[in-house]
Amino acid sequence: NDLYTETEKPSNNLNLETIIRRGESHQVEFKPSLVYDFNTQRGRYFVKYIIAKTICSFLNSDGGIILIGVSDSGEIQGIEYDYSLFEGNEQDKIKLEVDSLIVSFFGISKKPLIQVFIENVQGEDLLIISVEESPKPIFLKKMNQVDGKTEFEKEFFIRMNASTHQVKDIEEIMDYTFNKEWKLK
């Protein structure tokens, strides 16, 4: 994993500042919030779905970290907007929200590959989601409302240089899987 050097660890605030300064990459993604929608000023499923797509892409690529509370331009803004949606112990509740996201979009069996912690950087709390590379392909389970009924579809995402990319073509998914050299059993 080339994300950290020998002396750098994710919990090192200086390291997080360095990662933020370097910008988004193959293994680093910035998101302004976990569930808070800045347009409606409420929590939305769609915002969680955006985070889930990134998690899926990291699982299917080389792993990575999502820094929530950081704008695309690298401005540290914190997760106060997400906190505003919860009463009581906001840190615990936001971690429970990530647990809910994992179970909803991937199933509980993927939890060992996803770690969550909160770090204070420049006086702001950031939510850090650290994702390991999966030993096999992972599909995201997306919920859709169709004619008043809930339907689910599976989606496959990979990480490009600094973006999440959905692969829809079954032949491309198969080629990616074989090029990745996953040992499918």
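Please refer to the structure higher up on the page.
Since the structure is predicted, the reported quantities are computational estimates derived from the model, not experimental observations. (Residues numbered from 1 in each chain as written. Predicted model: local features only at pLDDT ≥ 70, side-chain atom pairs only at ≥ 80, totals over all residues. Heavy atoms only, no water.)

**What about the nonpolar core?**
When a protein is soluble and globular, its nonpolar side chains tend to lie buried together. Condition: We define a nonpolar core as any set of buried Ala, Val, Leu, Ile, Met, Phe, Trp, Tyr and Cys residues linked to one another through side-chain atoms lying within 4.5 Å. Remark: exposure states derive from per-residue accessible area (1.4 Å probe, protein chains only) relative to the maximum for the residue type, with buried under 20%, exposed over 50%, and partly exposed in between. Numbering of helices and strands runs from the N terminus, with a helix taken as a DSSP run of H or I at least four residues long and a strand as a DSSP run of E at least two residues long. Residue contacts are defined here by distance: any two heavy atoms, one from each residue, within 4.5 Å place the two residues in contact.
By size, the foremost hydrophobic cluster in this structure holds 29 residues, and its most contacted members are Leu34, Ile55, Phe106, Leu127 and Ile129. Those elements that provide at least two residues to this core are helix H2 (45–59), strand S4 (64–68), helix H4 (90–105), strand S5 (114–121) and strand S6 (124–131). The element that contributes the greatest number of residues to this core is H2, accounting for seven residues. Beyond its immediate stretch of four places on either side in the chain, Ile55 contacts Ile66, Leu101, Phe106, Ile114, Ile129 and Val131. In this structure, Val28, Phe30, Val121 and Ile128 belong to the second largest nonpolar core, which totals 13 residues.

**What about the packing of H2 against H4?**
Here is the rule we go by: The convention used is that axes are lines fitted to C-alpha atoms, helices contributing only their stretch in contact, and that angles between N-to-C directions extend from 0 to 180 degrees. Oblique is the label for every angle not falling under 35 degrees (roughly parallel), over 145 degrees (roughly antiparallel), or within 65 to 115 degrees (roughly perpendicular). Basically, the charged four are Asp, Glu, Lys and Arg, the nonpolar ten are Ala, Val, Leu, Ile, Met, Phe, Trp, Tyr, Cys and Pro, and anything else, Gly included, counts as polar.
The geometry of H2 relative to H4 is characterised by a closest axis approach of 10 Å and an angle of 70° between their N-to-C directions. Overall, the two elements H2 and H4 adopt an arrangement that is roughly perpendicular. On H4, the residues that touch Tyr45, Lys48, Tyr49, Ile51, Ala52 and Ile55 of H2 are Glu97, Ser100, Leu101 and Phe105. In the contact of H2 with H4, the residues fall into seven nonpolar, one polar and two charged.

**Here's the deal with the sheet that holds strand S7 (residues 140–146)**
To keep things clear, this is the line we draw: A pair of strands is considered paired only if DSSP assigns at least 2 bridges between the two.
One open sheet holds the three strands; their spatial order is S7-S8-S9, and the pairing between them is antiparallel. Strand pairing shows two members of the sheet lacking a second neighbour, S7 and strand S9 (164–167), which therefore form its edges. Between one strand and the next, the sheet's axes are offset by a mean angle of 50°, whatever the strand orientation. Of the strand pairs in this sheet, S7 and strand S8 (residues 149–159) are connected by seven bridges, and their pairing is antiparallel. Across the sheet, residue Val146 finds its bridge partner in S8, namely Lys149. The sheet strands contacting H2 are S7, S8 and S9, and the helix crosses S8 at an angle near 40°.

**A short note on the sheet that holds strand S1 (residues 28–31)**
Here we have four strands laid out as an open sheet, ordered S1-S4-S6-S5, and mixed in their pairing. The two strands at the open ends of the sheet, each matched to only one other strand, are S1 and S5. Each adjacent strand pair in this sheet contributes to an overall mean axis angle of 20°, direction not counted. Pairing analysis gives four bridges linking S1 to S4, with the strands arranged parallel. Residue Glu29 lies in a different strand from S4, and its bridge partner there is Ile66. This element, H2, spans S1, S4, S5 and S6 of the sheet and lies at about 160° to S4.

**Looking at the environment of Glu124**
When you line up the elements, Glu124 lands in strand S6. Once the C-alpha coordinates of Glu124 and Gln77 are considered, the two residues, 47 residues apart in sequence, prove to be 6.7 Å apart. With residues up to four places along the chain from it excluded, the contact list for Glu124 reads Ile76, Gln77, Gly78, Glu80 and Glu119.

**Considering helix H5 (residues 170–180)**
Operational definition: Our arc is simply the arc of the directions from the helix axis toward the C-beta atoms. Any pair of nitrogen or oxygen atoms within 3.5 Å is treated as a polar contact; in protein, a donor-acceptor pairing is required on top of that, and neighbouring residues in sequence qualify only through side-chain atoms on both sides.
Those residues of H5 not exposed but buried are Ile173, Thr177 and Lys180. Across the axial projection of H5, the buried residues extend over an arc of 70°, all falling on one side. Exposed positions of H5 whose direction lies more than 90 degrees from the buried face are Glu171, Phe178 and Asn179. Summarising the contacts, the buried residues of H5 are in contact with S8 and S9. The distance from a side-chain oxygen at the start of H5 to the backbone nitrogen of Glu171 is 3.0 Å, and the residue carrying that oxygen is Asp169. Downstream of H5 by one or two residues, Glu181 has phi in the positive range, about 65°.

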